[in-house]
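The primary structure of each chain is shown beneath.
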Amino acid sequence: MSEFNPNPSGLHQILSRQVDRRTAVATAAGALVAGLGLLQTACNPLAAAESKEKSQLNWEAFFQGNYRLMTDKEKEDTVHRLERLHELNTGNKVRIGSTAAKEGVLYGYAFNISKCRGYMDCVKACIGENNQDRKSDMRYIRIHEHNKGQMSFEAADDSFYHEVPAAGHFYIGTQCFHCQNPPCTQVCPTQATWLEPDGLVVVDYNWCIGCRYCIAACPYDARRFNWGDPQVPEEEVNPNQHYLGNRLRRKGVVEKCTFCIQRTRDGKNPACVEACPTGSRTFGNLLDPDSDLRWILKNKKVFRLKEDLGTEPKFWYYMD
Amino acid sequence: MRRACLLVLTTALSFSACRRADRTHASSPHVLETIAKAQEPNDNAGLSSEKHLDGAPRVTVTGYPDRPAFSVLQRTRVMQQFPCQKCHTKTLDVLRAQSQVAVAQGKKASHWSVKLAHAPAVTMDCWTCHDQRNLDSLRTLRDAPVSFDHAYQVCAQCHSRQAADWAGGAHGKRQGGWAPPRVVASCAGCHNPHKPKLEPRWPALAGRRDQRFESAEPLTESPGANR
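Undergrad: Sorry, what's going on with the overall build of chain A here?
TA: Along chain A, the regular secondary structure elements total 10 helices and 12 strands. By the burial criterion, 42% of the 320 residues in chain A qualify as buried. Taking all contacts inside chain A whose residues are at least 6 apart in sequence as the whole, residues at least 24 apart take part in 63%.

Below, the structure written as structure tokens:
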């Protein structure tokens, strides 16, 4: 094609026309969709309408913009499209929210290491709430079993399975700390992850290209990658979802704890807080001087992990 | 050609890196400073836990003037055998005599399932907290009546440190959600007052080792996965 032809034919002219990549992809994909649509209509006229709609929705999803740049209307259209696609694919309805951050709210978390007993009810609740991949047994929360007298995470046991609390041990839970100066968002080449105004670090799964820079950048090992197609049995899917939260993910994207954005932006506690039978977990608004969280920060001896890195995690540990 | 591409790419990347670094540092002061500045009453953007509380009956907690008003779930509405007068129609002496006869016949004594495992016997018995003269009420150490709804006042006499943490928000379970109104479980919402210590048990799931390097291959199921 690079050879210069002084007398091009008509076909050759069309073929060697200068086309930018976007137009080329759009034309090719359009032709493909139209072709498939025609073929399916010819074969099965009844299923054709749904199939055509699905193709159309998938097509729109392919060119979906970055969530942060969308208008409220575009956000609404986007979540409706995802809801409809789920319905077309599974026959079940889900509700995907796009509730925005509210002014005067900055979310934070406190964890009482004197109270945690390693029951793991939080982890179980988190998996169910956030539609995490059952196949790879993905978990956002880890409970580390430490020998008393040291706090080395290298020496801690994350895979314990025995009656708890075990004598001579104590327990610390870790998850995404929603840093106010998050290193993970700064390395993202597609700006698919960012800090929301209410302090939640979120991921747009449609814009994540799976490079996993963020996983490398996170000093707390808080992010997870979908190596395979995430699998959640249809009857176990939590239908109360958020675009930036627990909506179903796909292969090759990074995900993480969102402090249950689908619940917390509605005034609820995250699933882990609600499930904990010991009261170790406290969630709330850091900007409300009357919140439980602020009382803990003011009255307890609190600490954060790797505070010296300057990541400003909004997740404090304390003791009775 | 390739070199030009590389140059363009590097330039673009470095520009975008600069832009982002600026944005990050400008918008994120130390979070402790942000918190310190927030001293005014905050309406939490109008969010409420009310709809998550399902209209649960509650009573306002008294005795903690330093904390904004909060409530506990009302206990007398959910206690199965309350009011105690339903069964306690005779005096305790009569009932005890009846109970002794019943036990001699091989039947179970009333309240047979309650075994006090709270404090040593020299410190407390049933009547440290229950009121012998009015079984529908609890009592303080100095014999003042306390409603079952405000049982936390009885507990707080000895467990004052836990009670202060509970009133503050560092002990206990919030009900509904994080947003106001603040409704918390009372002491007996989590602890059995006759046997308050939480028992050891098996975890809900088995722990997992490092997940970062897991492959997409099917994994052997952890033994606790179905618990």
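Undergrad: Looking at this structure, how should I read the sheet that holds strand β12 (residues 315–318) of chain A?
TA: Across a sheet, strands are paired by hydrogen bonds formed along the backbone, either parallel or antiparallel in direction. All names here are of chain A. Here we have four strands laid out as an open sheet, ordered β10-β2-β12-β11, and mixed in their pairing. Edge strands, defined here as strands with exactly one partner in the open sheet, are β10 (281–285) and β11 (302–303). Of the strand pairs in this sheet, β11 and β12 are connected by two bridges, and their pairing is antiparallel. Opposite Val302, over in β12, you have Tyr318 as the bridge partner. Packed on one face of the sheet, helix α10 (residues 292–299) meets β2 (107–112), β10, β11 and β12 and runs near 110 degrees to β10.

Undergrad: Where do I start with the interface of chain B and chain A in this structure?
TA: How large an interface is tends to be reported as the accessible area lost when its parts come together. Contacts between the two partners involve 50 residues from chain B and, on the opposite side, 57 residues from chain A. At the level of elements, α1 (2–27), α2 (31–37) and α7 (160–168) of chain B are the ones that each hand at least two residues to the side of chain B that touches chain A. Among the elements that line the side of chain B that touches chain A, the one with the most residues is α2 of chain B, at three residues. For the side of chain B that touches chain A, the class distribution of residues is 21 nonpolar, 20 polar and nine charged.

Undergrad: Can you help me understand the sheet that holds strand β6 (residues 183–184) of chain B in this one?
TA: All names here are of chain B. As summarised here, the arrangement of the four strands in space is β1-β2-β6-β5, forming an open sheet in which the pairing is mixed. Of all the strands in the sheet, the pair left with one neighbour each is β1 (58–60) and β5 (174–175). Pairing geometry for β1 and strand β2 (residues 71–73), over three bridges, is antiparallel. By the bridge assignment for β2, Val59 is matched with Val72.

Undergrad: Sorry, what's going on with the environment of Gly210 of chain A here?
TA: Inspection of the secondary structure puts Gly210 of chain A in the loop between β6 (201–203) and α7 (213–217). When neighbours within four sequence positions are excluded, Gly210 of chain A is seen to be in contact with Gly252, Val253 and Val254 of chain A.

Undergrad: Help me out: how do you make sense of helix α5 (residues 121–129) of chain A in this one?
TA: Residues spaced three or four apart along an α-helix point in a common direction, a consequence of the helix completing one turn every 3.6 residues. Residues and elements named next belong to chain A. Most of α5 is tucked away: seven of the nine residues are buried. Within the sequence span of α5, burial applies to Cys122, Val123, Lys124, Ala125, Cys126, Ile127 and Glu129. Looking at the buried positions of α5, the neighbouring elements they touch are β3 (142–147), β4 (169–174), α9 (271–275) and β10. Where α5 ends, the next residue or the one after it, Asn131, has phi of about 50 degrees, a positive value.

Undergrad: Could you clarify how one ought to interpret the pairing of β12 of chain A in this entry?
TA: Two faces, one strand: in a regular strand the side chains alternate between the faces of the sheet. Residues and elements named next belong to chain A. Here β12 shows two buried faces, one formed by Phe315 and Tyr317 and the other by Trp316 and Tyr318. In this sheet, β12 lies alongside β2 in parallel orientation, the contact comprising four bridges. Paired with Tyr109 across the bridge in β12 is Phe315.

Undergrad: When you look at the confidence of the model for chain B in this model, what are you seeing that I'm missing?
TA: Detailed reading of predicted coordinates is not advised where the pLDDT is low. Residues and elements named next belong to chain B. Residue-level pLDDT values for chain B average 85, and 79% of them are 70 or greater. When mean pLDDT is taken per element in chain B, β6 scores highest with 98 and α1 scores lowest with 50. Below a pLDDT of 50 lies the segment residues 211–219, which in the model reaches 14 contacts outside its immediate sequence neighbourhood of four places, other chains included. A low-confidence stretch, residues 221–227 stays under pLDDT 50, and its non-local contacts, those more than four residues away or across chains, total 14 contacts.

Undergrad: Just checking my understanding: could you explain unusual backbone geometry for this structure?
TA: The general pattern is negative phi for most residues beyond glycine and trans for most peptide bonds. Residue and element names in this part refer to chain A. Following Val164, the chain continues to Pro165 via a peptide bond in cis, the omega torsion being -5 degrees. Even without glycine at this site, Gln191 takes up a positive phi of about 55 degrees. As for its position among the elements, Gln191 is in the loop between α6 (183–186) and β5 (193–195). For Gln191, a count of 15 C-beta atoms within 10 Å translates into the label partly exposed.

Undergrad: Looking at this structure, I do not really get α7 of chain B. What am I missing?
TA: All names here are of chain B. The set of residues buried in α7 consists of Ala163, Asp165, Trp166 and Ala167. Those residues of α7 that are buried are in contact with α6 (152–155). Looking one or two residues beyond α7, the residue adopting positive phi is Gly169, at roughly 130 degrees.

Undergrad: Would you take a moment to explain the nonpolar core for this structure?
TA: Nonpolar side chains in soluble globular proteins tend to end up buried together. Core analysis: the biggest nonpolar cluster contains 71 residues, and Cys122, Val123, Cys126 and Cys272 of chain A have the highest contact counts within it. Top contributing element to this core by residue count: α5 of chain A, with five residues. Apart from residues no more than four positions distant in its own chain, Cys126 of chain A is found in contact with Arg139, Tyr140, Ile141, Ala271 and Cys272 of chain A. Val61, Val72, Leu73 and Cys187 of chain B belong to the second-largest nonpolar core, a separate cluster that totals 16 residues.

Undergrad: Explanation requested: the environment of Glu129 of chain A in the structure shown.
TA: Residue and element names in this part refer to chain A. Tracing the chain through its elements places Glu129 in helix α5. Glu129 sits in the buried class, given 21 other C-beta atoms within 10 Å. Between the alpha carbons of Glu129 and Thr282 there is a distance of 18 Å; along the sequence they are 153 residues apart. Ignoring anything within four residues of it in the chain, the contact list for Glu129 reads Asn238, Asn246, Cys260 and Ala271.

Rules of the game
- Residues numbered from 1 in each chain as written.
- Chains lettered and ligands numbered in written order.
- Predicted model: local features only at pLDDT ≥ 70, side-chain atom pairs only at ≥ 80, totals over all residues.
- Helix = DSSP H or I, 4+ residues; strand = E, 2+ residues; numbered from the N terminus.
- Buried ≥ 20, exposed ≤ 12 C-beta atoms within 10 Å, placed from the backbone.
- Contact = placed C-beta atoms within 7 Å.
- Pairing = 2+ DSSP bridges.
- Axes fitted to C-alpha atoms, helices over the stretch in contact; angles between N-to-C directions.
- Nonpolar A, V, L, I, M, F, W, Y, C, P; charged D, E, K, R; others polar.
- pLDDT = per-residue confidence, 0-100.
- Core = buried A, V, L, I, M, F, W, Y, C linked by C-beta atoms within 7 Å.

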